[in-house]
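Chains, contacts and geometry: an overview
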Amino acid sequence: MFLGKMTRAGIGMIAALGLSTSIATAQESVEVLHWWTAGGEAKALQVLKKDLESQGVSWNDMPVAGGGGEQAMTVLRARVTSGNAPTAVQMLGFDIKDWAGEDILANLDELAAKEGWDDVVPDALKDFSKHDGHWIAAPVNVHSTNWVWANKAIFDELGINQPTDWNELIAALDKIKAAGYTAVAHGGQAWQDATIFDAVVMATGGPDFYQASMIDTDPDALGSDTMKTVFDRMAQLRGYVDDNFSGRDWNLATAMVINKEAGVQFMGDWAKGEFLNAGKVPDTDFLCFRFPGTQDAVTFNSDQFVMFKVGEDRQDAQMKLASAVMSPTFQSAFNVVKGSVPARTDVPNDAFDACGKKGMAELAAANKKGTLFGSMAHGHSVPAGVKNAMYDVITAHFNGEYDSATAVEELVNAVESAQ
Ligand code: BGC
């Protein structure tokens, strides 16, 4: 109570008197490294900050922007090297596995057992949350990457129905372009190019081809005619982006769809967080549907908070953070705002909007059918080294450095040398 009411000036004075240590340790805190810097992301994170604050735990924010987390991982490496790991770090799939090998992560087994995490977290996520049978991370959500976000007013104005295959998609994009809008809102950053690539691979070759090329990295699949068609299609899509796409942040591309400057964005469902944050309503202002040709499949990624070993004085706050993340109430409240779906199987869908309900149902159906696959672009299909090798080729081709035949060859070679 006393601390809560104290002003900054008051704390400053006590510090000046040399009493700062006892004050500082009285308040528990967590330091969290993440890349949730866009409006919708920050709003979702606020749910967690408030939850912890209500338990007396303050939040030290360490934001490092950049989807896919590449920049965040670089900053993390520097922090760990200097012996100063944060309490928790947002991480994706194979990055978790890389860090798990280093013996610097906390063990969450006791909390996990007490709260029964094993029974409610799907195996596809547990593959990453656990290392050698021990819990090292708390999964926050499940996102999926094969979505289209469309401006409904543009679709209505031009009489466009939701496309269900490649030809219908191209016909829709032609109409949008001819009407003077940017057809595809896109940000030319490697992870965004790769996010579209995930969807085009699935749409062009189907689930078996996605498995062979993006997960098993089978050289025959990577070097196939189907892969050449994938690159041809990427080049075709390049013809629908505006001249200023290079380097644009993903949320600015989403804003183009929100503001009726562009027809569609191909992006993971974190884009929905931006629509909601702008006060837009699914099926009224915007449409969400699967990338044409991928209706029966889901490419997913899951943000997890990986817990690092911290001193005894910080462990209680760390466990409070892990427990807050795993609570069913939080999993609903957070994911409703974030655009993702819960990482637990026992959370009701009542609070979710139309896109969220669709996302939850399709995730469950794909899981049952065997058509749920880790997203390459978002670190859930191959280790970071291989992913980055793929990124380089995809981006070079998207920017016209390679023709499709060369891109196929480069992909095979780059993946082989990265393995
Ligand atoms: C993360 C999302 C995030 C997005 C854009 C993805 O890699 O999984 O949580 O919203 O990047 O920042």
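The name given to the protein in an unreviewed UniProt entry is Probable sugar-binding periplasmic protein, and the organism recorded there is Thalassospira alkalitolerans. Taken from UniProt, the Sequence similarities (unreviewed entry) comment for the protein reads in full: "Belongs to the bacterial solute-binding protein 1 family." The heading Function (unreviewed entry) in the UniProt record of the protein holds the text "Part of a binding-protein-dependent transport system for a sugar."

1. Things to note about the pattern of salt bridges
Within the structure shown, the criterion is met by 17 salt bridges. Among the salt bridges present, the one from K126 reaches D123, with a minimum N-O distance of 3.7 Å. Highlighted residues: K126 and D123, both in helix α9 (residues 123-129), separated by 3 residues, approximately one helical turn. Residue classification places K126 among the buried positions, given a relative accessible area of 14%. Given a relative accessible area of 57%, D123 falls into the exposed group. As a salt-bridge pair, R290 and E362 come within 2.5 Å of each other at their nearest N and O atoms. Of the two residues, R290 sits in strand β11 (residues 286-290) while E362 sits in helix α19 (residues 354-369), which places them 72 residues apart along the sequence. Judged by relative accessible area, R290 falls into the buried class, the value being 5%. Sharing partners across several salt bridges, the network here consists of D118, D123, K126 and K130.

2. Some points on the pairing of β11
Working note: regular strand, side chains alternate between the two faces of the sheet. β11 sits mainly inside the fold: 5 of its 5 residues count as buried. Side chains F286, C288 and R290 project from β11 onto one buried face, and the interleaved L287 and F289 project onto a second face that is buried too. Two strands pair when backbone bridges link them, and strand β8 (residues 147-151) and β11 are joined in this way by 5 bridges, in the antiparallel orientation. Residue pairing in the sheet places A150 in a bridge with L287 of β11.

3. Section: the sheet that holds β8
Read from one edge of the open sheet, 4 strands run β9-β10-β8-β11, paired in mixed fashion. Two strands close off the open sheet at either side, each with one partner strand: β9 (182-184) and β11. Strand-to-strand twist of the sheet, defined as the mean angle between neighbouring strand axes without regard to direction, takes the value 20 degrees. The sheet contact formed by β9 and strand β10 (residues 262-266) spans 2 bridges and is parallel. Note on β10: the bridge partner recorded for V184 is V264. Contacting β9 and β10, helix α11 (residues 166-178) runs over the sheet at an angle of about 160 degrees to β9. Along the sheet, α19 makes contact with β8 and β11, crossing β11 at roughly 10 degrees.

4. Focus: the packing of helix α4 (residues 39-53) against helix α17 (residues 312-326)
For the pair α4 and α17, the least separation of the axes is 10 Å and the interaxial angle reads 125 degrees. Compared by their axis directions, α4 and α17 come out oblique. Handedness of the α4/α17 crossing: right-handed. Of the residues in α17, those touching α4 at L48, D51 and L52 are K320, L321, A324 and V325. Split by residue class, the contact of α4 with α17 holds 5 nonpolar, no polar and 2 charged.

5. Some remarks on helix α20 (residues 384-398)
With 15 residues, α20 extends 20 Å from end C-alpha to end C-alpha; this agrees with the ideal 21 Å at 1.5 Å per step. Those residues of α20 not exposed but buried are A384, V386, K387, A389, M390, Y391, V393, I394, T395, A396, H397 and F398. Buried residues along α20 sit in contact with α5 (70-81), α6 (93-100), α12 (190-215), α13 (219-222), α14 (225-238) and α21 (404-418). At the C-terminal side of α20, G400 shows a positive phi close to 85 degrees.

6. Focus on the sheet that holds strand β12 (residues 298-301)
For sheets, the rule is that strands pair by backbone hydrogen bonds, running either parallel or antiparallel. Taken together, the 3 strands give an open sheet; going across it, the order is β7-β12-β14, and neighbouring strands pair in mixed fashion. The open sheet terminates on both sides in strands that have one partner only, identified here as β7 (143-144) and β14 (372-374). Of the pairings in the sheet, the one linking β12 to β14 comprises 3 bridges and is parallel in character. Paired with V298 across the two strands is L372, which belongs to β14.

Parameters and conventions
Residues numbered from 1 in each chain as written. Predicted model: local features only at pLDDT ≥ 70, side-chain atom pairs only at ≥ 80, totals over all residues. Heavy atoms only, no water. UniProt positions renumbered as here; feature names shortened; annotations may be inferred. Salt bridge = Lys/Arg side-chain N within 4 Å of Asp/Glu carboxyl O. Helix = DSSP H or I, 4+ residues; strand = E, 2+ residues; numbered from the N terminus. Buried < 20%, exposed > 50% of the residue type's maximum accessible area, 1.4 Å probe, protein only. Pairing = 2+ DSSP bridges. Axes fitted to C-alpha atoms, helices over the stretch in contact; angles between N-to-C directions. Contact = heavy atoms within 4.5 Å. Parallel < 35°, antiparallel > 145°, perpendicular 65-115°, else oblique. Left-handed = near helix turned anticlockwise from the far one by under 90°. Nonpolar A, V, L, I, M, F, W, Y, C, P; charged D, E, K, R; others polar. Expected span 1.5 Å × (residues − 1).

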